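# Structural overview for review
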Amino acid sequence: MLRHFINLRDWSKEDLLELLERAVRLKAAYKRGEIYQPLKGKTLAMIFEKASTRTRVSFEVGMYQLGGQALNINSQTSQLGRGETYADTAKVLSHYVNAIMLRTFKQSNLVEMAAAASVPVINGLSDLLHPCQVLADLLTIQEYKGNLAKLKIVWLGDSNNMSNTWLEAAMIFGFELVLAIPESFKVSADLWQRVMAGHYANITINHSAEEAVRGADVLYADTWISMGQEELEAAAKKAILRPFQINSSLLERADVKAIVLHCLPAHREEEITSVVIDGPQSRVFDQAENRLHLQKALLEKLISVN
Ligand code: CP
Ligand code: NVA
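A brief look at the structure comes next.

About the cut-offs
- Residues numbered from 1 in each chain as written.
- Chains lettered and ligands numbered in written order.
- Predicted model: local features only at pLDDT ≥ 70, side-chain atom pairs only at ≥ 80, totals over all residues.
- Heavy atoms only, no water.
- Pairing = 2+ DSSP bridges.
- Helix = DSSP H or I, 4+ residues; strand = E, 2+ residues; numbered from the N terminus.
- Axes fitted to C-alpha atoms, helices over the stretch in contact; angles between N-to-C directions.
- Contact = heavy atoms within 4.5 Å.
- Parallel < 35°, antiparallel > 145°, perpendicular 65-115°, else oblique.
- Left-handed = near helix turned anticlockwise from the far one by under 90°.
- Nonpolar A, V, L, I, M, F, W, Y, C, P; charged D, E, K, R; others polar.
- Near = heavy atom within 4 Å.
- Polar contact = N/O pair within 3.5 Å; in protein donor to acceptor, adjacent residues only side chain to side chain.
- 1 Å grid on protein atoms, 1.4 Å probe; cavity = no way out; pocket = protein on both sides within 12 Å on 5 of 7 lines; lining within 4 Å.
- Sits in = over half its atoms within 2 Å of the grid points.
- Buried < 20%, exposed > 50% of the residue type's maximum accessible area, 1.4 Å probe, protein only.
- Salt bridge = Lys/Arg side-chain N within 4 Å of Asp/Glu carboxyl O.
- Arc of directions from axis to C-beta.
- Areas by Shrake-Rupley, 256 points an atom, 1.4 Å probe, with all protein chains shown as cover.

## Brief notes about the sheet that holds strand β8 (residues 218-221)
- Spatially, the five strands line up as an open sheet ordered β7-β6-β5-β8-β9, and their pairing is parallel. The outermost strands of the open sheet, each flanked by one partner alone, are β7 (203-206) and β9 (259-262). Mean inter-strand twist for the sheet, computed between neighbouring axes without regard to direction, equals 20 degrees.
- Here strand β5 (residues 152-156) pairs with β8 via four bridges, running parallel. In the sheet register, Val 154 faces β8, and the bridge partner there is Leu 219.
- Taken strand by strand, helix α5 (residues 131-145) contacts β5, β8 and β9, and its axis lies near 165 degrees from that of β9.
- Together, β8 and β9 form the strand contacts of helix α12 (residues 284-304), whose direction differs from that of β9 by roughly 50 degrees.

## Details of the packing of helix α1 (residues 13-31) against α12
- With their axes 8 Å apart at the nearest point, α1 and α12 run at an angle of 115 degrees to one another. It follows from the interaxial angle that α1 and α12 lie roughly perpendicular. Of the two elements, α1 crosses α12, and the hand of that crossing is right-handed. Contact with α1, carried on its side by Glu 18, Leu 19, Leu 20, Arg 22, Ala 23, Leu 26, Lys 27, Tyr 30 and Lys 31, involves Glu 289, Asn 290, His 293, Leu 294, Lys 296, Ala 297, Leu 298, Glu 300 and Lys 301 of α12 and no other residues of that element.
- Within the contact of α1 with α12, the residues separate by chemical class into eight nonpolar, two polar and eight charged.

## A word on the site of ligand 1
- Near ligand 1, the surroundings consist of Ser 52, Thr 53, Arg 54, Thr 55, Arg 103, His 130, Gln 133, Cys 263, Leu 264 and Arg 291.
- In the model, a nitrogen atom of ligand 1 is placed 2.9 Å from a nitrogen or oxygen of the Gln 133 side chain.
- Here a nitrogen atom of ligand 1 sits 2.9 Å away from a polar atom, N or O, in the main chain of Cys 263.
- In this structure, ligand 1 is accommodated by the largest pocket.
- Of the residues that constitute the shell around ligand 1, the class distribution is two nonpolar, five polar and three charged.

## Topic: the pairing of β8
- The alternating pattern of β8 places Val 218 and Tyr 220 on one face and Leu 219 and Ala 221 on the opposite face, and all of these are buried.
- Strand direction decides the pairing type here: β8 and β9, joined by four bridges, are parallel. If you follow Val 218 over to β9, its bridge partner there is Ile 259.

## Some details on the pattern of salt bridges
- On inspection of all chains with the given rule, the structure shows 15 salt bridges.
- Lys 301 is paired through a salt bridge with Glu 18; the nearest N and O atoms lie 3.3 Å apart. On the criterion of sequence distance, the pair formed by Lys 301 in helix α12 and Glu 18 in helix α1 is long-range, its members being 283 residues apart.
- For Lys 301, a relative accessible area of 24% corresponds to the partly exposed category.
- A salt bridge links Lys 237 to Asp 158; the shortest N-O distance between them is 2.8 Å. Of this pair, Lys 237 sits in helix α9 (residues 234-241) while Asp 158 sits in the loop between β5 and α6 (161-173), and the two are 79 residues apart along the sequence.
- Salt bridges linked by common partners bring Arg 9, Glu 168, Asp 190 and Arg 194 together as one network.

## What about helix α3 (residues 86-96)?
- Tyr 86, Ala 87, Thr 89, Ala 90, Leu 93 and Ser 94 are the residues of α3 that are buried. An end-on view of α3 places all buried positions within 155 degrees of arc, on one side of the element. Turned more than 90 degrees off the buried face of α3, the exposed positions are His 95 and Tyr 96.
- Tucked inside the fold, the buried residues of α3 contact β1 (43-48), β3 (99-103) and α4 (107-116).

## As for the site of ligand 2
- In the vicinity of ligand 2, the contacting residues are Leu 125, His 130, Asn 160, Asn 161, Asp 222, Thr 223, Ser 226, Met 227 and Leu 264.
- Within the contact set of ligand 2, a nitrogen atom lies 3.4 Å away from a side-chain nitrogen or oxygen of Asn 160.
- Between ligand 2 and the protein, one listed contact pairs a nitrogen atom with a side-chain N or O atom of Asp 222 at 2.7 Å.
- For ligand 2, whose accessible area on its own is 270 Å², the fraction buried by protein is 95%.
- Its atoms largely coinciding with the cavity grid, ligand 2 occupies the largest pocket.
- When grouped by side-chain class, the residues that make up the shell around ligand 2 number three nonpolar, five polar and one charged.

## Remarks on the side chain of Glu 168
- Tracing the backbone shows Glu 168 in helix α6.
- Using a relative accessible area of 3% as the deciding quantity, one classes Glu 168 as buried.
- The residues touching Glu 168, leaving out its near neighbours within four places in the chain, are Asn 7, Leu 8, Arg 9, Leu 129, Leu 191 and Arg 194.

What follows is the structure, encoded as structure tokens:
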């Protein structure tokens, strides 16, 4: 059956847990130096309409390690930039490659591509969601903190594609999620309506960072200005977000064994201080490493069944 990975909610909790388990095994095998190449002769097309370091390199290296290859395509040098539709692009690429990863602006671009493709389509980040990142984060959290269902995870800062994906994850996995965001910031209406309709008591919003982090197991930061938003009132936005910075004094208010995550790229001394990101409670670079292992599990699952 053709499956896409453009959000978390289309996947069951069991399927996502299976992916996490598979990532743990692939990571261990890789660390032991084992060669495992189930995707020999297979190709992933990666289309980037926004910049990337981690997503691009981890997908490309992941395909290579699994025996396949990846193509790096961008909108400026492909016909997408000249108006060829996502649907036509998907139909054509489906004849050449075995999966398509798209990093784009509107989530509807991914939906259009998935509807037209006859190979799996993967969301490499959109303005709405970043599911590959959150699954790799869950892998990291499981490694360091164990059973997800028992944890309190606090998101601090903007309301954006990452916090939206955390909402999807909390609805599926049931852990406690607090969105610590400024009062004037709005959560995606569609997502929040789903939270309300499902009576998810595990999900709350708190406008005080200091209150939100009390007893937290995980503190999570992201850039205050996401890609594509650079032209907005960045200085004013940063001033409003200042109380949501993860620094030593905020971290002291969380559980003593709390870990700190950041999807990266970080803007040091803005959303997180260098002392914290380089400090003993940070798992930020392990988290970045896990993008590779999680995506290998995803590629194996999506490509080998199709
Ligand atoms: N976290 C993440 O997706 O990083 P890149 O933007 O570098 O891919
Ligand atoms: N919210 C950030 C995530 C980067 C991985 C952005 O969209 O720029």
